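Notes for the structure review
Here is what each chain is made of, one letter per residue.
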Amino acid sequence: MAQSSDARAARARFQDALGKLLPLRISLNALQARTRRVSTVLEEVLENEDDLRDMCLTLLHNNESAFEVEEDMTEEEEDAVELVETLIDVYDARLDGLLDRIEQLTSNIETTQGVLELTLDNERNRIARLELLLSMARAIPRHHPPRTPSLRTHLSPRIPATT
């Protein structure tokens, strides 16, 4: 009986763990999708020179007509655009690192989920085998006497036959 309650407790713990993994996996998938979208936007900004120039807010504020003409930029403007590009590259690299970590965590969750499911399957199979053994034991007829001699037969004194 104790083994059965232990099995039930283990099964409940495994099911509880599986229940906790699902929200984590959903959250990670949502974070992964958002991170990919941000990374895509950053890559698009890096490809568009006008967007990079528009991000140099200090230069825009100091000289509103600085980027209106698409001719050669001054060295200060080029430095500012290069700085913005470098910052975006750093953010993009960090996002790539974050995506890698999210993928690792997702893989770990999937592996843990698989192990828990296999363990639950193993417990289910063990319980099914036990139930099968019990049903087989119940099916053995009880009204037949045992075929082996009883202990009483072996212990009773043999009385020699008198003639």
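Please refer to the structure placed before this passage.
Please read all numbers here as calculations on a predicted model, not as lab measurements.

**What to know about the overall build of the chain**
Looking only at helices and strands, the chain features 5 helices and 0 strands. Helices (α) and strands (β) of the chain occur, in sequence order from the N terminus, as α-α-α-α-α. Scored against the burial criterion, the 163 residues of the chain give a buried share of 19%. Long-range contacts, defined here as pairs at least 24 residues apart, represent 75% of the contacts in the chain between residues at least 6 apart. As displayed, the chain has an accessible area near 13,100 Å², and 56% of this comes from carbon and sulfur atoms.

**Description of the nonpolar core**
Of all hydrophobic cores here, the largest spans 10 residues; its members are Leu42, Val45, Leu46, Leu52, Cys56, Ala80, Val81, Val84, Ile88 and Leu95. Of all the elements in the fold, those that place two or more residues in this core are α1 (2-47) and α4 (75-139). Ranked by the residues each element gives to this core, the list is headed by α4, at 5 residues. Formed by 7 residues, the second largest nonpolar core is a distinct cluster that contains Leu21, Leu28, Ile102 and Leu120.

Calculation criteria
Residues numbered from 1 in each chain as written. Predicted model: local features only at pLDDT ≥ 70, side-chain atom pairs only at ≥ 80, totals over all residues. Heavy atoms only, no water. Helix = DSSP H or I, 4+ residues; strand = E, 2+ residues; numbered from the N terminus. Buried < 20%, exposed > 50% of the residue type's maximum accessible area, 1.4 Å probe, protein only. Contact = heavy atoms within 4.5 Å. Areas by Shrake-Rupley, 256 points an atom, 1.4 Å probe, with all protein chains shown as cover. Core = buried A, V, L, I, M, F, W, Y, C linked by side-chain atoms within 4.5 Å.

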